Amino acid sequence: MALRSAHLLGLREMPAEDITAILDAAVAFKEILHRPIPKVPTLRHVTVVNAFFESSTRTRISFELAEKRLSADVVNFSASTSSVSKGETLIDTIRNLEAMKIDLVVMRHPLPGAPHLLAKHCDSKVINAGDGPHEHPTQALLDMMTLRDKYGELNKLRVTLIGDIAHSRVALSNILGLTTMGAKVAVCGPPTLLPRNVEDLGVTVYYDLDEAIAKSDVLNVLRIQLERQDAGLFPSLREYHATYGVTSERLAAAPKPLTILHPGPVNRGVELDADVADGPHSVILQQVTNGVAVRMAILFLLAGGEK
Ligand code: NCD
């Protein structure tokens, strides 16, 4: 089974069959993580470069673990310690890496579209690990895997993304992937943090968190992207928490328990209270484990899919 696309750039054009193929393969790969020796020789012949032009802890480590669990050769490259700081262009940097005979590039970059540009100009397969505020497809896939683990299927599930939708690549990839899979997607946040015409993406819009909670099965709570924000989009963090913070009191008013997702890193006490993040309906750490499995599945399928 191969994916329709040679690269994983985003979920905008990804058909439901490809999403299902990745999620099915991820279930098989997750089993490897629980073995006494959690490693298989599947990608022994493959060399991967992790090119991170923007800070990341979880995603970078998750990709590196996924690559190592599959026995790929791994090279890590971060912008601050490379010739990029000497003025080399993105394409020159990667062409030089390619000349050293690599197969796959995992790239995080602050500019939307950077991985698409790369895919056009080099022979390696490209995986988008987050391009500015645009897309973060592997995060949305691991979120969908976590929901499938719990609910069996995504069709008709009511998932609401809460918070900073306008600056969140996690939000856009989730909206695109979940709607493709037939889920009912909504967004909830202050008008200043919702993109203009967000309804055009096929989502319901709530401005009131209690109404969103009453009409959802799942909340995916997003981090306030302080680093991507011009000042003044909401009055203060305290005010944000009072209006849009997900608290156990608010959740207690819902007709049934909601499942809580968060892509991390959590700003405890801002968008999500600590007792909810650590509570029985939070699947935040399952998301992290599933992240490794989903990335193993994607690496395997892009590298040709021969087990
Ligand atoms: C997300 C990201 O970097 O886009 N985090 C992640 O991938 N672990 C979400 C965020 O930074 O809020």
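In short, a report on the structure. (Residues numbered from 1 in each chain as written. Predicted model: local features only at pLDDT ≥ 70, side-chain atom pairs only at ≥ 80, totals over all residues. Heavy atoms only, no water.)

Every residue near the ligand is listed here: Arg-58, Thr-59, Arg-108, His-136, Gln-139, Arg-169, Val-170, Arg-223, Gln-225, Pro-263, Gly-264 and Pro-265. Measuring from an oxygen atom of the ligand, one finds a side-chain N or O atom of Thr-59 at 2.9 Å. Between the ligand and Arg-108, the relevant distance is 3.3 Å, taken from an oxygen atom to a side-chain nitrogen or oxygen of the residue. Look at the ligand: alone it shows 320 Å² of surface, and the protein chains cover 93% of it. Breaking the shell around the ligand down by element, the ones donating at least two residues are helix H2 (58-69) and helix H6 (169-180). When its residues are assigned to classes, the shell around the ligand shows three nonpolar, five polar and four charged. No fewer than three residues from each of domain 1 (16-135 + 288-302) and domain 2 (137-287) sit in the shell around the ligand. (Near = heavy atom within 4 Å. Polar contact = N/O pair within 3.5 Å; in protein donor to acceptor, adjacent residues only side chain to side chain. Areas by Shrake-Rupley, 256 points an atom, 1.4 Å probe, with all protein chains shown as cover. Helix = DSSP H or I, 4+ residues; strand = E, 2+ residues; numbered from the N terminus. Nonpolar A, V, L, I, M, F, W, Y, C, P; charged D, E, K, R; others polar. Domains from an automatic or database assignment.)

This brings us to the pattern of salt bridges. Considering all chains together, one arrives at 12 salt bridges under this definition. One salt bridge in this structure joins Glu-64 and Lys-68, with 2.9 Å as the shortest N-O distance. Of the two residues, Glu-64 and Lys-68 are both situated in helix H2; the distance of four residues between them amounts to about one turn of the helix. Residue classification places Glu-64 among the buried positions, given a relative accessible area of 16%. Classification of Lys-68 by relative accessible area gives partly exposed; the value is 39%. A salt bridge links Arg-250 to Asp-210, with the shortest nitrogen-to-oxygen separation between them at 3.1 Å. Separated by 40 residues along the polypeptide, Arg-250 in helix H9 (residues 248-252) and Asp-210 in helix H7 (residues 209-214) bring together distant segments of the chain. For Arg-250, a relative accessible area of 18% puts it in the buried group. (Salt bridge = Lys/Arg side-chain N within 4 Å of Asp/Glu carboxyl O. Buried < 20%, exposed > 50% of the residue type's maximum accessible area, 1.4 Å probe, protein only.)

Now for the pairing of strand E1 (residues 47-52). The side chains of a regular strand alternate, first on one face of the sheet and then on the other. The element E1 is largely enclosed, with a buried count of six among its six residues. Of the two faces of E1, the one carrying Thr-47, Val-49 and Ala-51 and the one carrying Val-48, Asn-50 and Phe-52 are both buried. In the sheet, E1 pairs with strand E2 (residues 73-78) via six bridges, with the strands oriented parallel. Within E2, the residue paired with Asn-50 across the bridge is Asn-76. Running through H2, the crossover from E1 to the neighbouring parallel element E2 is right-handed. (Pairing = 2+ DSSP bridges. Right-handed = clockwise from strand over helix to strand, strands pointing away.)

With that settled, the discussion passes to unusual backbone geometry. Of note, the bond from Gly-264 into Pro-265 is cis; its omega dihedral lies within 30 degrees of zero at -5°. Note that Pro-265 resides in the loop between strand E9 (259-261) and helix H10 (274-277). One non-glycine residue, Lys-156, adopts positive backbone phi at about 75°. Mapped onto the secondary structure, Lys-156 falls in the loop between helix H5 (137-151) and strand E5 (158-162). Even without being a glycine, Asn-197 presents a positive backbone phi close to 60°. Following the sequence through the fold, Asn-197 ends up in the loop between strand E6 (184-188) and strand E7 (204-206).

Turning our attention to the packing of helix H3 (residues 90-99) against helix H4 (residues 114-121). Any two packed helices are characterised by how steeply their axes cross, that is the angle between the axes, and by the distance between the axes. Relative orientation of the contacting elements H3 and H4 amounts to 50°, with a least axis distance of 10 Å. Considering the angle they form, H3 stands oblique to H4. For the pair H3 and H4, the crossing hand works out as right-handed. Where H3 approaches H4, its residues Leu-90, Ile-91, Ile-94 and Arg-95 are matched on the opposing element by Ala-114, Leu-117, Leu-118 and His-121. The residue makeup of the contact of H3 with H4, split by class, is six nonpolar, one polar and one charged. (Axes fitted to C-alpha atoms, helices over the stretch in contact; angles between N-to-C directions. Parallel < 35°, antiparallel > 145°, perpendicular 65-115°, else oblique. Left-handed = near helix turned anticlockwise from the far one by under 90°. Contact = heavy atoms within 4.5 Å.)

Here we take up helix H11 (residues 284-302). Given a rise of 1.5 Å per residue, 19 residues ought to cover 27 Å, and the 27 Å separating the end C-alpha atoms of H11 matches this to within 8%. Of all the bends in H11, the greatest measures close to 25° and is centred on Asn-290. Counting buried positions along H11 gives 15 out of 19 residues, so the element sits mostly inside the fold. One or two residues past the end of H11 sits Gly-304, with phi positive at roughly 125°. (Expected span 1.5 Å × (residues − 1). Bend = angle between axes of the 7 residues up to and from the residue.)

Without other data, these values stay purely geometric and don't point to any function.
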